[in-house]
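Letter by letter, the chains look like this.
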Amino acid sequence: MFIDSHCHLNYEGLVEEQEAVLERARAAGVETMLNISTRAAEWDAVLGVAEREPDVWASVGIHPHDADTHEDVETQTLVERAAHPRVVGIGESGLDFYYDKSDRDRQRASFRSHIAAARETGLPIIVHTREAEEDTHSILSEEMGKGAFTGVIHCFTASADFARKALDLGLYISISGIVTFKNAKNLQETARQIPAERLLIETDSPFLAPVPHRGKPCEPAFVADTARFLADLRGESVEELAGYTSGNFRKLFAKAA
């Protein structure tokens, strides 16, 4: 049985046939899905799915792309919404200097607010980072010095050096379908080296469909394809990888357990 640790069930491409998407995931052996929020306007809808579906959990957070338009969402707002029994994580939040859709200082401030919420609630922070390794590590390290928190670098595509730094901070690393791409040799090498006790798998659906589904909207069922590829890459059985990645999810997202 697999766990999709990061999907967007309320995004275009999935929401139109959400029930069918969930049924296909279950048929593929996906026992749990974490439905991620990226802006305040979608929190109620994301939570609504988790309230209806016992195998779906939710997060509350603001994506770095939307940091500029959510200056009113501070730590206390996140803490209050995270009290919902179906919310198991904070985010996704972080830094995206590739698209730069929000001011970088505003991204940094929002990221720190999310980390503070993770620290206060005891829930893990779900970290998005793109072309911002140095700043992401600096903030994570500084904030860890203020008080421990847990978290995961989702949809990992960064360098092996950043992976080591994240692991040194006690964070988990989640691998998406990108690892199956032909041009992902560096990521594949890093994925081989991630300790089994810190590895998660995800789809980030409806984005980044793995081989053999390239060109289609991604969906949680496809986490099984990523798991099979990753298990082969690491010289493990898919049952072994499914077992420990699911165990890691329950340990990190303990509220879901």
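Look a little higher up for the structure.
The structure presented is a predicted model; accordingly, all values stated were derived computationally and were not measured. (Residues numbered from 1 in each chain as written. Predicted model: local features only at pLDDT ≥ 70, side-chain atom pairs only at ≥ 80, totals over all residues. Heavy atoms only, no water.)

K.L.:
Just give me the short version of the pairing of strand β4 (residues 87–96), but keep the residues and values in it.
P.N.:
Counting buried positions along β4 yields ten of ten residues, so the element is predominantly enclosed. Where strand β3 (residues 56–60) and β4 come together, three bridges link them in parallel fashion. Within the sheet, the bridge partner assigned to Val 60 lies in β4 and is Ile 90. (Buried < 20%, exposed > 50% of the residue type's maximum accessible area, 1.4 Å probe, protein only. Helix = DSSP H or I, 4+ residues; strand = E, 2+ residues; numbered from the N terminus. Pairing = 2+ DSSP bridges.)

K.L.:
Before we move on, can you summarise the nonpolar core with the specific residues and values?
P.N.:
The biggest cluster of nonpolar side chains holds 68 residues, and the ones touching the most others in it are Leu 140, Phe 156, Ile 175 and Leu 230. The element best represented in this core is helix α8 (residues 223–234), accounting for six residues. Each residue touching Leu 140, except ones within four places of it in the same chain, is listed here: Phe 111, Ile 115, Val 127, Phe 149, Ile 153, Leu 169 and Leu 171. Membership of the second largest hydrophobic core comes to 13 residues, among which are Leu 34, Ile 36, Leu 200 and Phe 249. (Core = buried A, V, L, I, M, F, W, Y, C linked by side-chain atoms within 4.5 Å. Contact = heavy atoms within 4.5 Å.)

K.L.:
Give me the environment of Ala 132: which residues, what numbers.
P.N.:
Along the chain, Ala 132 turns up in the loop between β5 (125–130) and α5 (133–146). Along the chain, Ala 132 and Glu 16 lie 116 residues apart, while their C-alpha atoms are 33 Å from each other. For Ala 132, the contacting residues outside a window of four places in its chain are Leu 95 and Phe 97.

K.L.:
Break down the packing of aromatic side chains for me, with residues and values.
P.N.:
Taken as a whole and assessed by the stated rule, the structure comprises four aromatic pairs. Between Phe 156 and Phe 162 the ring centres are 6.2 Å apart and the planes differ by 20°, which places this aromatic pair in the stacked class. Exposure class is identical for Phe 156 and Phe 162. Each is buried. Sitting above the plane of the Tyr 99 ring, Lys 101 keeps its charged end 5.4 Å from the centroid. (Phe/Tyr/Trp six-rings, centres within 6.5 Å; stacked < 30°, edge-to-face > 60°. Lys NZ or Arg CZ within 6 Å of the ring centre and 35° of its normal.)

K.L.:
Go over the pattern of salt bridges, please, and point to the residues and values.
P.N.:
For the structure shown, the criterion picks out 21 salt bridges. Between Glu 17 and Arg 24 there is a salt bridge, with its nearest N and O atoms 3.3 Å apart. Here Arg 24 falls in the partly exposed class, since its relative accessible area comes to 33%. The structure contains a network of salt bridges with shared partners spanning Arg 112, Arg 119, Glu 142, Glu 143 and Lys 146. (Salt bridge = Lys/Arg side-chain N within 4 Å of Asp/Glu carboxyl O.)

K.L.:
Any details on unusual backbone geometry? Residues and values, ideally.
P.N.:
A cis amide bond, omega 20°, links Gly 91 with the succeeding residue Glu 92. Along the polypeptide, Glu 92 turns up in strand β4. Notably, Glu 131 is not glycine yet its phi reads approximately 55°, a positive angle. Mapped onto the elements, Glu 131 comes out in the loop between β5 and α5. Non-glycine residue Asp 204 carries a positive phi angle of around 55°. Along the polypeptide, Asp 204 turns up in the loop between β8 (199–201) and α8.

K.L.:
Explain the state of the cysteines to me, using residue names and the numbers behind them.
P.N.:
Evaluation of the coordinates by the stated rule reveals zero disulfides. With no disulfide of its own, Cys 155 has Cys 218 as its nearest cysteine by sulfur position, at a separation of 9.7 Å. (Disulfide = S-S within 2.5 Å.)

K.L.:
Which residues make up the packing of helix α3 (residues 75–82) against helix α4 (residues 104–121), and what are the values?
P.N.:
Viewed as axis vectors pointing N to C, α3 and α4 meet at an angle of 45°, and their least axial separation amounts to 8 Å. It follows from the interaxial angle that α3 and α4 lie oblique. Every pair of crossing elements has a handedness; the one defined by α3 and α4 is right-handed. Contacts between α3 and α4 involve Thr 75, Gln 76, Leu 78, Val 79 and Ala 82 from the former and Ser 113, His 114, Ala 116, Ala 117, Glu 120 and Thr 121 from the latter. Its residues assigned to classes, the contact of α3 with α4 comprises five nonpolar, five polar and one charged. (Axes fitted to C-alpha atoms, helices over the stretch in contact; angles between N-to-C directions. Parallel < 35°, antiparallel > 145°, perpendicular 65-115°, else oblique. Left-handed = near helix turned anticlockwise from the far one by under 90°. Nonpolar A, V, L, I, M, F, W, Y, C, P; charged D, E, K, R; others polar.)

Honestly, it's all geometry; don't read function into it.
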